[in-house]
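Take a look at the letters that make up each chain.
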Amino acid sequence: MRGLTGRIAIIGWGSLIWDLDDLASKVEGDWLMGAGPVMPFEFSRVSPKRKRALAVCIDPAEGDPCPTSAILSARDDIHMAAEDLRARERAPRTELIGLCCARTGTVRSRISALIPVMEAWCTATGAAGAVWTDLNDNYATVLGRRFSISDAIAYLKALPEESREEAVRYITFAPQTTDTKLRRALTEEAWWQAEVARFT
């Protein structure tokens, strides 16, 4: 794909798209919307950074396949690009950032099924490599119960106002291509639409 050849790409699908934060000085150009690989996503991560709002993450068990977007890293070293993304995500360990390096064949991901997807994407686009946020879904771990659409809606509804406002903004601002079962279900919830009108 034009612009990616020989470069390292940062893959995004959530808040990274509208809030590069301290990554802004470490990327080049604009987001190539929809140009990234397809991955399974759901809003199934309780995010400390987002005041315990539900954040979108790669979730092979509960997620729907969605297109991602790509932006060029200013780095030529994939490990430096991964560290830049780790710092932006406030991830405690480098291992929580996935990477695929076409130059060396190095691939790292907690989800083995993603490895051939990322390798194929780098080959198809000519990218020298890619890095992405590899944080896990933690709904069951944090809340002590299995993720379901009905439970997630009840969880969002019960959040304190400050956290609920963060959840509304986060889910509303996510790219429309990040089209998950929970997001679709929320469009049918009158209370959620009222919150969207209040907070966005």
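In this text, all values refer to a predicted model and were calculated from it rather than measured experimentally.

1. Some remarks on the overall build of the protein
Of regular secondary structure, the protein possesses eight helices and nine strands. Each of the three principal axes of the protein carries a C-alpha extent, and together these read 50 × 30 × 30 Å. The contacts in the protein between residues at least 6 apart in sequence include a share of 73% that link residues at least 24 apart. As displayed, the protein offers around 9000 Å² of accessible surface, 53% of which is attributable to carbon and sulfur atoms. Within the protein, one finds 25 positive and 27 negative side-chain charges whose respective centroids are separated by 2 Å.

2. Re the sheet that holds strand β7 (residues 97-101)
Picture the strands of a sheet paired through backbone hydrogen bonds; they go either parallel or antiparallel. If you walk across this open sheet you meet the six strands as β2-β6-β1-β9-β7-β8, and the pairing is mixed. Edge positions in the open sheet fall to β2 (27-32) and β8 (107-108), since each of these has one partner strand only. Where strand β1 (residues 8-12) lies against strand β9 (residues 129-133), three bridges are found, and the strand directions are parallel. Opposite Ile10, over in β9, you have Val131 as the bridge partner. Across the sheet, helix α2 (residues 78-89) lies against β1, β6 (69-73), β7, β8 and β9, angled at about 20° from β9, the strand it touches most.

3. A closer look at the side chain of Asn138
As for its placement among the helices and strands, Asn138 is situated in the loop between β9 and α4 (139-143). Of the polar contacts made by the side chain of Asn138, one reaches the backbone nitrogen of Val46; its length is 2.6 Å. Each residue touching Asn138, except ones within four places of it in the same chain, is listed here: Ser44, Arg45 and Val46.

4. Side note on helix α8 (residues 190-199)
Since one α-helical turn is 3.6 residues long, residues separated by three or four positions face the same way. All buried positions along α8 are accounted for by Trp191, Trp192, Glu195, Val196 and Phe199. Down the axis, α8 shows its buried residues gathered within 145° of arc, on one side only. Exposed residues pointing more than 90 degrees away from the buried face of α8 are listed as Ala190 and Ala197. Buried residues along α8 sit in contact with α5 (149-158), α6 (161-173) and α7 (181-186).

5. Remarks on the sheet that holds strand β3 (residues 39-47)
A sheet is described by the order of its strands in space; here three strands give the open sequence β4-β3-β5, paired in antiparallel fashion. Both edges of this open sheet fall to β4 (53-58) and β5 (64-66), since each of them pairs with a single strand only. Each strand axis lies, on average, 50° off the axis of its neighbour in the sheet, ignoring direction. Across three bridges, the pairing between β3 and β5 is antiparallel. Note that in β5 the partner of Pro40 across the bridge is Pro65.

6. Digging into the pattern of salt bridges
If the charged atoms of two oppositely charged side chains come close together, the side chains can form a pair. By the definition in use, this model includes 19 salt bridges. Across the pair Glu162 and Lys51 runs a salt bridge, and its minimum N-O distance is 3.3 Å. Of this pair, Glu162 sits in helix α6 while Lys51 sits in the loop between β3 and β4, and the two are 111 residues apart along the sequence. For the salt bridge of Glu89 with Arg88, the shortest nitrogen-to-oxygen distance reads 2.6 Å. Counted as one network, the salt bridges with shared partners bring together Asp64, Asp179, Lys181 and Arg184.

7. Re the side chain of Ser47
Relative to the helices and strands, Ser47 is located in strand β3. Ser47 gets classed as buried once you look at its relative accessible area, which sits at 8%. Beyond its immediate sequence surroundings of up to four residues, Ser47 is in contact with Arg52, Ala53 and Ala55.

What counts, and at which threshold
Residues numbered from 1 in each chain as written. Predicted model: local features only at pLDDT ≥ 70, side-chain atom pairs only at ≥ 80, totals over all residues. Heavy atoms only, no water. Helix = DSSP H or I, 4+ residues; strand = E, 2+ residues; numbered from the N terminus. Contact = heavy atoms within 4.5 Å. Areas by Shrake-Rupley, 256 points an atom, 1.4 Å probe, with all protein chains shown as cover. Lys, Arg positive; Asp, Glu negative; His and termini not counted. Charge placed at Lys NZ, Arg CZ, Asp CG, Glu CD. Pairing = 2+ DSSP bridges. Axes fitted to C-alpha atoms, helices over the stretch in contact; angles between N-to-C directions. Polar contact = N/O pair within 3.5 Å; in protein donor to acceptor, adjacent residues only side chain to side chain. Buried < 20%, exposed > 50% of the residue type's maximum accessible area, 1.4 Å probe, protein only. Arc of directions from axis to C-beta. Salt bridge = Lys/Arg side-chain N within 4 Å of Asp/Glu carboxyl O.

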